[in-house]
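Results of the structural survey
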Amino acid sequence: DPIDGTRNYSRGVPVWATLIALQEGDQVQLGVVSAPALGRRWYAERGGGAWAGDDRVRVSSVRRVEDAVLSFALEQPLPSLAAQAWHARGYGDFWGHMLVAEGAIDGAIDAIGVSVWDLAPVQVIVEEAGGTFTDFHGEHRLDGGSAITSNGHLHAALLEAVA
């Protein structure tokens, strides 16, 4: 995806990125998310961990929704789970998922207009950071038109919220 967050880019909002992935067979092997306006770059190789710059990143260890920071794409109705979370935000596009990989937030839900090219690098980065990536049906797939990323501990609750 040459510019993920195109609307942000077109208005001068610095939350946009270039997304690159390498897929072999059915599995994404390598992913890079580069957000030059934020001065950030995340990357992962299957089996090699996830990184932000020179720092290895890991998902959080939060286990309760009441203690969680969750991100929801604002183009969709917020599930009732948002009101239960310690803090709910709308980071949108790539950024919420990268914050999950870093452990800064605990889960992200993204549904409107996501394509394979929006999700391929996200999947490998989040998974290599120790997290979980699925579509809204709990399937480990890029072409489901939706995405949930989490630290793994909260994934069932996020899936239930979008069911």
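The sections below set out a description of the structure shown in this document. (Residues numbered from 1 in each chain as written. Predicted model: local features only at pLDDT ≥ 70, side-chain atom pairs only at ≥ 80, totals over all residues. Heavy atoms only, no water.)

On to the overall build of the protein chain. Along its length, the protein chain carries five helices and 10 strands. Taken over C-alpha atoms, the radius of gyration comes to 14 Å for the protein chain, in line with the 15 Å a tight globule of 163 residues would show. Oriented by its inertia axes, the alpha-carbon framework of the protein chain measures out at about 35 × 35 × 30 Å. The buried share among the 163 residues of the protein chain stands at 47%. Counting only contacts in the protein chain whose residues sit at least 6 apart along the sequence, the fraction spanning at least 24 positions is 51%. (Helix = DSSP H or I, 4+ residues; strand = E, 2+ residues; numbered from the N terminus. Rg over C-alpha atoms; globule rule 2.2 N^0.38 Å. Buried < 20%, exposed > 50% of the residue type's maximum accessible area, 1.4 Å probe, protein only. Contact = heavy atoms within 4.5 Å.)

Time to look at the sheet that holds strand β3 (residues 40-45). Across a sheet, paired strands are connected by hydrogen bonds in the backbone, their directions being either parallel or antiparallel. Taken in spatial order, the five strands make up an open sheet running β1-β2-β3-β4-β5, and their pairing is antiparallel. Strands at the two margins of the open sheet, each flanked by one partner only, are β1 (18-24) and β5 (55-57). Here the average twist between neighbouring strands, direction ignored, is 20 degrees. Two elements, β1 and strand β2 (residues 27-35), share seven bridges in a ladder whose sense is antiparallel. Note on β2: the bridge partner recorded for Ala21 is Gly31. Along the sheet, helix α3 (residues 93-102) makes contact with β1, β2, β3, β4 (50-52) and β5, crossing β3 at roughly 65 degrees. Most of the contacts of helix α4 (residues 116-128) go to β2, to which it runs at about 100 degrees, and overall it touches β1, β2, β3, β4 and β5. (Pairing = 2+ DSSP bridges. Axes fitted to C-alpha atoms, helices over the stretch in contact; angles between N-to-C directions.)

A few words on the pairing of β2. Between β1 and the antiparallel strand that follows it, β2, lie two residues; Gly25 among them carries a positive phi value of about 65 degrees. The pairing of β2 with β3 spans six bridges and is antiparallel. Bridge pairing in β3 places Val33 opposite Trp42. Count of turn residues in the β2/β3 antiparallel hairpin: four residues, of which Gly39 carries a positive phi of about 70 degrees.

Checked against the element boundaries, His155 lands in helix α5 (residues 155-162). Assessed through its relative accessible area of 6%, His155 is described here as buried.

With the rule as written, the count across this model stands at six salt bridges. Taking the shortest distance from any N to any O, the salt bridge between Arg64 and Asp67 comes out at 2.9 Å. The exposure class assigned to Arg64 is partly exposed, which follows from its relative accessible area of 47%. Residue classification places Asp67 among the partly exposed residues on the basis of a relative accessible area of 40%. Among the ionic pairs, Arg141 bridges to Asp135, the shortest N-O distance being 4.0 Å. Classification of Arg141 as partly exposed rests on a relative accessible area of 34%. (Salt bridge = Lys/Arg side-chain N within 4 Å of Asp/Glu carboxyl O.)

Right, let's get into the environment of Arg40. Tracing the sequence through the fold places Arg40 in strand β3. Sequence-wise, Arg40 and Gly53 are 13 residues apart; in three dimensions their C-alpha atoms are separated by 6.9 Å. With residues up to four places along the chain from it excluded, the contact list for Arg40 reads Val33, Ser34, Ala35, Ala52 and Glu102. Polar contacts involving the side chain of Arg40 include one to the side chain of Glu102, which spans 2.3 Å. (Polar contact = N/O pair within 3.5 Å; in protein donor to acceptor, adjacent residues only side chain to side chain.)

Structural measurements only, silent on function.
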